[in-house]
Each structure stands twice: as C-alpha cells, then as structure tokens.
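Fold and geometry: a report
The residues making up each chain are set out below.
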Amino acid sequence: MDQPWAPGCTSTVRVVDFIVDHLARSGVRHLFGVGGANIEDLYDAAYFHTGITAVLAKHEFSAATMADGYSRAGAGLGVVAATSGGASLNLIPGLGESFASRVPVLALVGQPPSTQDGRGSFQDTSGHNGSLNAEALFAEVSVYCRRVLSPDDLRVALPRAIEAARTGGPAVLLIPKDVQQGYMQTGYVAGVPVERIDGHRSPAETETISDALVDLDGPVTIIAGEQIARDDARAQLEALRLAVGARVATVPDAKDVTDADLGVTGVMGHRRVAETIAGSALCLVVGTRLPLTASAGLDEVLAKVPTFSIGSAVPYRPCHHVHSDDLRTSLTQLIRAVRRKPQPLRRGLPDPTAELIPPAFHGAGVRYRDAMKLLDEVLPEDADLVVDAGNTGASAIHHLPARRSGRFVVALGMGGMGYSFGAAIGAAFARDHRRTVVIAGDGAFFMHGMEIHTAVQYRLPVTFVLFNNNAHAMCVTREQLFYQDRYSYNRFTPSRLGDGVASMFPGLPSEDVDAVELLPRALARALAADGPSVVSIECSPDEIPPFAPFLAPPQPISQPEKDRSDAAARA
C-alpha cells in the first residue's frame, strides 16, 4: 500500500530507481530481458529493489514473449527491458504479437547516450543524420512510443506508457544511457512516488445489446474471446450464458474462458459452430475481433444472423458493436437486464462428431490425436498450457481441452514460432510457479528452444512437450497439397531432442518417446519432476493435422514434372 504523501517532501533519485520503483508500485513484480551496456543501469536498480525480480532470457524475442505470457497469465502488465542495436530490434516480433493480440506489455529499450546522436556512434538509432529511427520503427508495433530525452520527460512518459499499455497492447520507451544515469527531483516519502496513474477502464453502455436479448424469441449463440481472460470476466460470462440459455463457442486463443459446448471456431475449429449460429436468433461476440483464424467458415452465417459485439476493439466482421474496456462490469450490466427472462440450460462437451477429420495416416510415429488424448488424461486441472504454431498447435487447439482452472495460451496475432518457450516461463512466474506445459514442434524448438536453459536456471516447473516430426511439418503439408510433393525444403536431418537436451543440461529429466504406449509413463514422470522437464514425442511430418484449409480439395499452384528430391540437401 502506498504511504501517504507529505507535501513539500522531495528526494533526489536516479532515473532508473524511479522507473523500477514506479513499476513496483504499479503492481509489476518481474521484468524480463537480456542485459547490455545501454540497459545495465536499469538492471542495477532492479537488483537493489526488493519488490522487483529481473529475469534474464537468452534472446530478446523470448524476453518479449515472457512479458507477453506473464501478462496473459493474469499478472497484469508484462515488462521487457533490452539494450540498444540488434538487441532492441530482436524485440520487434515479440512486440508485434502483443500488438496484434492486444496484450499489455511495457518495453524499456536502452539507447546510446543522446550526446552521440547523429555522430556515427555504435548502435545509433536516434534517427538523426541518416541513422536508423527506432522511434518510428517501434511506433508501428506499439500503442504508445516515445524517445525520452530528459528525466523530466520520463516523469510524464512512464505513467502514460503504463496507462496506454493497460488499454491493450505494447508501449515502448526508448531511453538513452545518459538519461538513465541522470537524477531527478521527485515527491517521495520513503521512496514512494507523488502519484500513481492507472489505466482508465470504461464499461459499456449496454442497452443496445440488452434490449435485443430481452426482446428476443429464439436461441442465442455466444462466441467468447480472449478479452474475457484479460478482464477476468469468466464468472460474468458464465452468468450471462445461464441467463440467456446460450450455447457457447470460443476463439482458439480463449479456450480457457468457459466450458464451450460448441468447441472452437475457425480454421482449427469444430464443425457444429456454423450450423448452430445459423439456427440462432442472435449471435453475441464477446471480447474478440474475430480474425480470420477464428472466423473462417462463419462469414455466411454471421451475415444472415443478427450479430452483436461487445469488447475493446471492433470485430473485422460487420456487426452492431458496443465498446467496453471492462467486460466484468459490462457483462454484469447485461445480466441484470436480461435476468428476468430465464432460458433453458444447454450444456455439455463438444460433440465428438464435430471434429475435423483429416485423412487416416498409418506411418511411423505417434498420432497427434492419440498424444493429445493422453495429455488430457494426465495433465493437472490447474496446469497452464502454452501452445506454439504449426501442425502441433493446430492439433492441440482442436483436440486438447483447456484445464478447468488453468490458462490455455496460444499466440495467433503473428503466429511466431518459438513463442511458447518464453511465454511459458513468463506464465510460470506470473502464476507463482504452478505447473506450466509447453506444447511445441521441433521447428519451434530449433528457433527458441534454448530458453529451456532459463527454466533450468530458475528451477521453474515447466514441462516442455516437443512433437518431433523432423520438419517444418505444416510447410511439408503445403508442399504435398499445393506443389504435388515434387520436392521438400522443409524436412530436417533427424534429431533426438530428448537425448540432446539431456546431454546439454545434466540432471534435467528429458527423454524421447517413439511409441504411444510409452507416452503415459513418460508424461507422468515429466509432470512429477521438481522443476523443468522435457518429453520429445516422435511423430510424422506426413500426418495432416485438423486444419480446415488442408481438408478442402487442394488447388495445385503449378504443374511441372515431379521431382521428389530434397531441396535442402541439394543446396
């Protein structure tokens, strides 16, 4: 709790101490990043502050995804700190994901001293005299970006950046080293800042939606989105569902917000969603913009059924939209308005016949669906699941239910491979070291899997379940379907990931599994480990995942002679 302000009481503090203290008093408990000369003063301040723990990643992209996962796991604002030059540029794809998915993240980016701007200094990104303009670059992946040129600028810029991030998306402060090392006069009582500025949260004026629901004669379908988790509005969504007797589907990155009886929407979704909406008198979209991955196959029915939306951003599909930055309050308003019209309860698990049915595959390796079924049987009900891109991600989204009291995180804003490794580490810190499970392919592992070392270093209870098909398998599938399987750039030289990781990190429980009957015991051992663990499951790049675009009749792109040579081997 903040101590009371004593008028006229001021202190002279280092700028970096002001930053760290302000973050701590804003509820931040961890910051993630990679050190370097132009950010080291901030890490020095974090070391001496009892309310902040600095976590060092192996790569800035992963540090950004740690902050993203930390925020998605319910910790509020995720913070990433990185140095200048190439290190700062490595943040861009991670912040791009947070921007596209509207995840609150603050990036503190070190810069060379401002006295060297435009003078050919190492890693100059001031934008002066032909140098790279970092402010222009980061402005494109943020909701707020400012290059801070004095301590007094920071007094205003830091609270504004936090406020902007809390509206949904990354905010970026570019801070030259000489500014970080400067001092500022500020109103303090024993280190407490004069003021704390919190993000303004606005509930909606919900009468448009409540009037439609009250006057309705017919069933309702709700499509639930990721903002429900961000606003901690699960209970309110459930109460609304009961009040109107709705059937519910979720977008892929919101599987954990409710027990959706219709399953998931979109390209990795379940087939009954569209027909249920078609038979509804109204469709209510809650907390999602319905991007293509979440809305594929729904455009025709959404155009015919009255569709209302409530949330912080207007959906991509035409509808009657009501703006709300606070779904907890807004859904409560709706519940009060429609409670006098009770509806019969429809409830249950998604119909198994609604699953997408890929072609049967009988080759070597463990089948995706079999592995997901076994995972569902052994995963703790409070585990957090962080799912990566590709065939593995499509299978997990389609087949693996979210845990009853755990998060189900998948990054579909940019779909950057390797996101899950950093995000799971951030989630583990956010959720007080509860068991977190990564589900990723070998392609994602080769990009950012060395963050396993970070989990080892901090003794985090993260289980990495790696589906090793020795390929970028979704790209292999595309080669087969659209390029007649004449060649492959995307098949890898085979590897044994479990054995390899075990050799790199002595004492880390890590094993390879190449038969489905061996998987239950391997998963049980991994989940019981005191700290991190790895299970690598051998599967096949030739198995087609439950991904709707791969299940329609393929449209070949070209028709030259077939040549099954390995393009990578010929290079």
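For the structure itself, look to the data block above.
Residues numbered from 1 in each chain as written. Predicted model: local features only at pLDDT ≥ 70, side-chain atom pairs only at ≥ 80, totals over all residues. Heavy atoms only, no water.

**Section: the overall build of the protein chain**
Along the protein chain, the regular secondary structure elements total 25 helices and 19 strands. Per-residue burial for the protein chain yields a buried fraction of 57% across its 571 residues. Once local pairs closer than 6 in sequence are excluded, the contacts in the protein chain between residues at least 24 apart make up 77%. With the model as given, the accessible surface of the protein chain reaches about 22900 Å², and the carbon-plus-sulfur share is 54%. (Helix = DSSP H or I, 4+ residues; strand = E, 2+ residues; numbered from the N terminus. Buried < 20%, exposed > 50% of the residue type's maximum accessible area, 1.4 Å probe, protein only. Contact = heavy atoms within 4.5 Å. Areas by Shrake-Rupley, 256 points an atom, 1.4 Å probe, with all protein chains shown as cover.)

**Focus: helix H15 (residues 327-338)**
Helix length check: H15 (twelve residues) gives 16 Å between terminal C-alpha atoms against 16 Å at 1.5 Å per residue, within 8%. Of all the residues in H15, the buried ones are Leu327, Ser330, Leu331, Leu334, Ile335, Ala337 and Val338. The buried residues of H15 occupy one face: seen down the axis, they fall within an arc of 165°. For H15, the secondary structure elements touched by its buried residues are helix H9 (207-214), helix H10 (227-230), helix H11 (234-244), strand S11 (282-286) and strand S12 (307-311). (Expected span 1.5 Å × (residues − 1). Arc of directions from axis to C-beta.)

**What about the packing of aromatic side chains?**
Scanning all chains against the criterion turns up eleven aromatic pairs. Ring geometry for Phe32 against Tyr70: centres 5.3 Å apart, planes inclined by 65°, an arrangement best described as edge-to-face. Pair noted here: Phe32 is in strand S2 (residues 30-33) and Tyr70 is in helix H3 (residues 60-75), with a separation of 38 residues, a long-range link. For Tyr70, a relative accessible area of 3% translates into the label buried. Ring geometry for Phe445 against Phe446: centres 5.6 Å apart, planes inclined by 65°, an arrangement best described as edge-to-face. (Phe/Tyr/Trp six-rings, centres within 6.5 Å; stacked < 30°, edge-to-face > 60°.)

**A short note on the pattern of salt bridges**
Applying the stated criterion across every chain yields a total of 29 salt bridges. Notably, a salt bridge pairs Asp21 with Arg25, separated by 3.7 Å at the nearest N-O pair. Of this pair, Asp21 and Arg25 both sit in helix H1 (residues 15-25), four residues apart, which is roughly one turn of that helix. The shortest N-O distance in the salt bridge between Arg431 and Asp384 comes to 2.8 Å. (Salt bridge = Lys/Arg side-chain N within 4 Å of Asp/Glu carboxyl O.)

**Some points on a negative patch on the surface**
Taken together, the side chains of Glu205, Glu207, Asp211 and Asp215 define an acidic patch exposed on the protein surface. Mapped onto the elements of the fold, Glu207 is located in helix H9. Take Glu207: its relative accessible area is 44%, and that puts it in the partly exposed class. (Patch = residues over 30% accessible without salt bridge, like charges linked within 9 Å, V, L, I, M, F, W, Y side chains within 5 Å. Lys, Arg positive; Asp, Glu negative; His and termini not counted. Charge placed at Lys NZ, Arg CZ, Asp CG, Glu CD.)

**Quick notes on the pairing of strand S6 (residues 144-147)**
Inspection of the sheet shows S6 paired to strand S7 (residues 170-176) by four bridges, in the parallel sense. The residue of S7 that forms the bridge with Tyr144 is Ala171. One crossover worth recording links S6 to the parallel S7 by way of helix H7 (residues 151-166), and it is right-handed. (Pairing = 2+ DSSP bridges. Right-handed = clockwise from strand over helix to strand, strands pointing away.)

**Notes on the nonpolar core**
Among the nonpolar cores identified, the biggest contains 48 residues, and Phe138, Phe421, Ile452 and Phe464 are the most heavily contacted of them. When residues of this core are assigned to domains, at least three fall in each of domain 1 (11-187) and domain 3 (363-550). (Core = buried A, V, L, I, M, F, W, Y, C linked by side-chain atoms within 4.5 Å. Domains from an automatic or database assignment.)

**Re the packing of H1 against H7**
Packing of H1 against H7 brings their axes to within 11 Å, and their N-to-C directions diverge by 20°. In terms of orientation, H1 and H7 fall into the roughly parallel class. Judged by the sense of rotation from one axis to the other, the crossing of H1 with H7 is right-handed. Residues Val15, Phe18, Ile19, His22 and Leu23 of H1 pack against Pro151, Leu154, Arg155, Leu158, Pro159 and Ile162 of H7. (Axes fitted to C-alpha atoms, helices over the stretch in contact; angles between N-to-C directions. Parallel < 35°, antiparallel > 145°, perpendicular 65-115°, else oblique. Left-handed = near helix turned anticlockwise from the far one by under 90°.)

**Concerning the sheet that holds S6**
Strand order in the open sheet made by the six strands is S3-S2-S4-S5-S7-S6, with parallel pairing throughout. Looking at the sheet topology across the chains shown, the edges are occupied by strand S3 (53-56) and S6. Strand after strand, the sheet turns through a mean of 20° between neighbouring axes, direction not considered. Where S2 meets strand S4 (residues 78-82), two bridges bridge the pair, whose relative direction is parallel. Its bridge partner being in S4, Gly33 is matched across the sheet by Ala81.

**A short note on a nonpolar patch on the surface**
A contiguous nonpolar patch, built from Leu89, Leu132 and Leu137 and spanning about 220 Å² of accessible area, is present on the exposed surface. Turning to its location among the elements, Leu89 is positioned in helix H4 (residues 86-89). Overall, the relative accessible area of 34% leaves Leu89 in the partly exposed class.

Honestly, it's all geometry; don't read function into it.
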